[in-house]
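One letter stands for each residue in the lines below.
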Amino acid sequence: MQRIEKSLTFDALIVGSGIAGLRAAVGLAESGARVALVTKDDPTDSNTGYAQGGIAAAVSEEDRVELHLQDTLLAGDGLCDEEAVRVLVEEGPERIQELIDWGTRFDREGTRLAFAREGAHSRRRVLHAQGDSTGMEIVRALLARSRQFPSLVFFSRTFSVDLVLEGERCAGLLLLDERSREIWLARAPAVLLASGGAGRLYRETTNPPQATGDGMAMAYRAGAVMVDLEFVQFHPTTLFAPGAPRFLLSEALRGEGAVLLNGEGERFMARYHPDGELAPRDAVSRSIIQEMERTGDPCVYLDLTGRDPSALRARFPRIYDTCLRFGFDLAKDRVPVHPSAHYFMGGVRTDLFGRTSVPGLLAAGEVACTGVHGANRLASNSLLEGVVFGARAAGVMPSGGMGENRRSSWQRTVSLRSLPPGDTQEVATAVAEILWKQAGIRREGAALSSAIRQLGAWEDSLSPEPICREGIETRNLIILGGLVCRSALDREESRGAHYRHDFPVRREEWLRHLQAKSPGPAGDLPRLA
C-alpha cells in the first residue's frame, strides 16, 4: 500500500498537451473554469509536435467541404460515421481561422495560404507551417494562448496513474509527481482524456516514447466502451538507416513528386495500386512489404533526386536536415524507408462532443474514436480532429450537466497491480516485438491467437507493486495489446488498415464496428467513498 499525499479540486481535468488537450484547455479557461492540464513530460512533448505534413481543411478557393467529406469517407472504407465526418469538415475552416487568429504561422505563397496535396486527397488542402513542422507550430501558438489564462494550471512531469471513480462516475485522477515521487489525487466533475495514441505497442513506430496508450487503458479499466481497436495505421515511409530513429518522411514528399524505388532502382507501386505513390497509406505500406518480400531487400527507397536542393530545404527543412544528419541528401541520394506504426483509428468511443460511456469522462484526439476515420484515416485529418473535437468537448464540460463535485471522502492509501520495476523494459520490448510480428501490417488468425495467449499470461502475472511510471506504462501496453489482438482476430476480413492474410477480401457482413468493454471497473481502481 502506498500513501496518497494530498488532494486538490478543479472544475475540469485534462490529460495530455497535444492539440486536442490544449484547444480544450483554452476553451475551458476562456469560460472562467479552473482547469488543470496534466502531462507526463513537458507540455511540448506530444504526438502533435511530431506531425509534419500538416492539417487538412477545405479553406482554399479551389476546394469545397463536400469534397473533403467524400475523400474522408472513401479513405475510411465504409466505416466512417458520416455525421462525425460532416462535423469535422464543416467546423474545420472555423477552427483553422481561430488558430491563425491566435498566432499560428501557416506557410504562405505571397499573402495567400500555401496548400499541399497528400495521398487520397482530391485537392491541395493541407496547410503546413515551417515547411514540415506544422504540429510544433500549432503547439507553440496554443501554448502561448493558454498561458494568458491564470485559471489554467499546468502539471508537467506528472504521470496519470489511473482514473478515480465515485460510484460509476469518473471523479478525478490518481497522479504521480515524477520529481517528488509523491502520489496525489486530483478531483473534478469532468475529466478529458487527450493523451494521444499507443504507437509504442509496436517495435517500429513513428511515435515518441510517451505514446504508451495510457488514456485508452485507463478508460478501459474504468468501464468505458472501446471501439475499432483493430484499425492501426502504418505510415509507409519512415527513415530506415543504422542508428537512426524511425523518423517520419512526410507523405507530402510524395505529394510533391517523390517516388518509391526497389533495390534495383525500379518504381514498383503501379504494380500494386492504380494511384501509385499517392495511394492510401495502408495500400502503400502493404505494397512496400510485398515488394520487400519479392526482392528480399530490407527496405525500399524514397527518391527526390535531381530536385533543387534549396527548394527542398525550404519546403522540408526538418526532414532535409534530419536525413542529412544520417548521411542522406534528399537532392542527391535515395533515402531508405520502411513502414512503421503511426496512428490509432480506434480508441475510447465518444459522441460528437467527446462524451464517453462513463459519466464525467470525455476523450478527444487520437485516444478517442469519434468515427471520423473509419477503417483508415485520411492523411492530415488527425490534427483537424483534435482541434475540432477538443473545442467541442470544452463546450460541454463546464455546463454539460455533469453535476457538481461532491465533497466525498477519499482513501488515503492505494495498491495497484503492476510489474516489478526491474522487469518493465524487458516486457515492454517483448510486447512491441509480438505486436509487430503478429498484429502488424499483415495478420493471420493463428499468430493473433498466439499473441493473445502470451499477453494474457503477462496480464495474469501482474501483482501489487510500488507505483512507478514504467510499471504502469508496461501494464497499459499489455492490456491494450491484448485488446488490439482480440479485435484483429474477431474481424475476419480485410478492410482499410486491417489486413488478414487468411481473410484477404472485404466482406459485407463485417460492415460494422467491434466494441470492447471490461466486465466491470477493475477491482484495484481508485475510488472515492
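About the criteria used
- Residues numbered from 1 in each chain as written.
- Predicted model: local features only at pLDDT ≥ 70, side-chain atom pairs only at ≥ 80, totals over all residues.
- Heavy atoms only, no water.
- pLDDT = per-residue confidence, 0-100.
- Contact = heavy atoms within 4.5 Å.
- 1 Å grid on protein atoms, 1.4 Å probe; cavity = no way out; pocket = protein on both sides within 12 Å on 5 of 7 lines; lining within 4 Å.
- Points joined across faces, edges and corners; volume = space filled by probe spheres on them.
- Helix = DSSP H or I, 4+ residues; strand = E, 2+ residues; numbered from the N terminus.
- Nonpolar A, V, L, I, M, F, W, Y, C, P; charged D, E, K, R; others polar.
- Pairing = 2+ DSSP bridges.
- Axes fitted to C-alpha atoms, helices over the stretch in contact; angles between N-to-C directions.
- Phe/Tyr/Trp six-rings, centres within 6.5 Å; stacked < 30°, edge-to-face > 60°.
- Lys NZ or Arg CZ within 6 Å of the ring centre and 35° of its normal.

## Thoughts on the confidence of the model for the protein chain
Next up, step 1: For the protein chain, mean pLDDT is 93; residues scoring 70 or higher make up 98% of the total.
Next up, step 2: Note on residues 399-405: pLDDT is under 50 here. Beyond four places in sequence and across chains, it has 16 contacts.

## A few points about the layout of surface pockets
Next up, step 1: Its volume calculated, the second largest pocket comes out at about 570 Å³.
Next up, step 2: Lining the second largest pocket are 29 residues, and of these His 273, Pro 280, Asp 282, Ala 283 and Arg 286 sit closest to its centre.
Next up, step 3: Of all the secondary-structure elements, those providing two or more residues to the lining of the second largest pocket are helix H3 (65-75) and helix H8 (281-295).
Next up, step 4: By residue number, the principal contributor to the lining of the second largest pocket is H8, which donates 5 residues.
Next up, step 5: Across the lining of the second largest pocket, the residue classes break down as 10 nonpolar, 9 polar and 10 charged.

## Considerations on the sheet that holds strand E19 (residues 347-349)
Next up, step 1: Taken together, 4 strands build an open sheet; the order of strands is E21-E19-E14-E25 and the sheet is mixed. Every interior strand has two partners, whereas the edge strands, strand E21 (368-369) and strand E25 (515-516), have only one.
Next up, step 2: As defined by bridge partners, E19 adjoins E21 across 2 bridges and the pair is classed as parallel. Looking across to E21, one finds that Val 348 is bridged to Ala 368.
Next up, step 3: Taken strand by strand, helix H6 (residues 214-221) contacts strand E14 (226-227), E19 and E25, and its axis lies near 45° from that of E19.

## Examining the packing of aromatic side chains
Next up, step 1: One pass over the structure, following the stated rule, counts 5 aromatic pairs.
Next up, step 2: A network of ring pairs unites the aromatic residues Phe 10, Phe 155 and Trp 184 as a single cluster.
Next up, step 3: In this structure, Lys 6 is placed above the aromatic ring of Trp 184, and the distance from its NZ or CZ to the ring centre is 5.0 Å.

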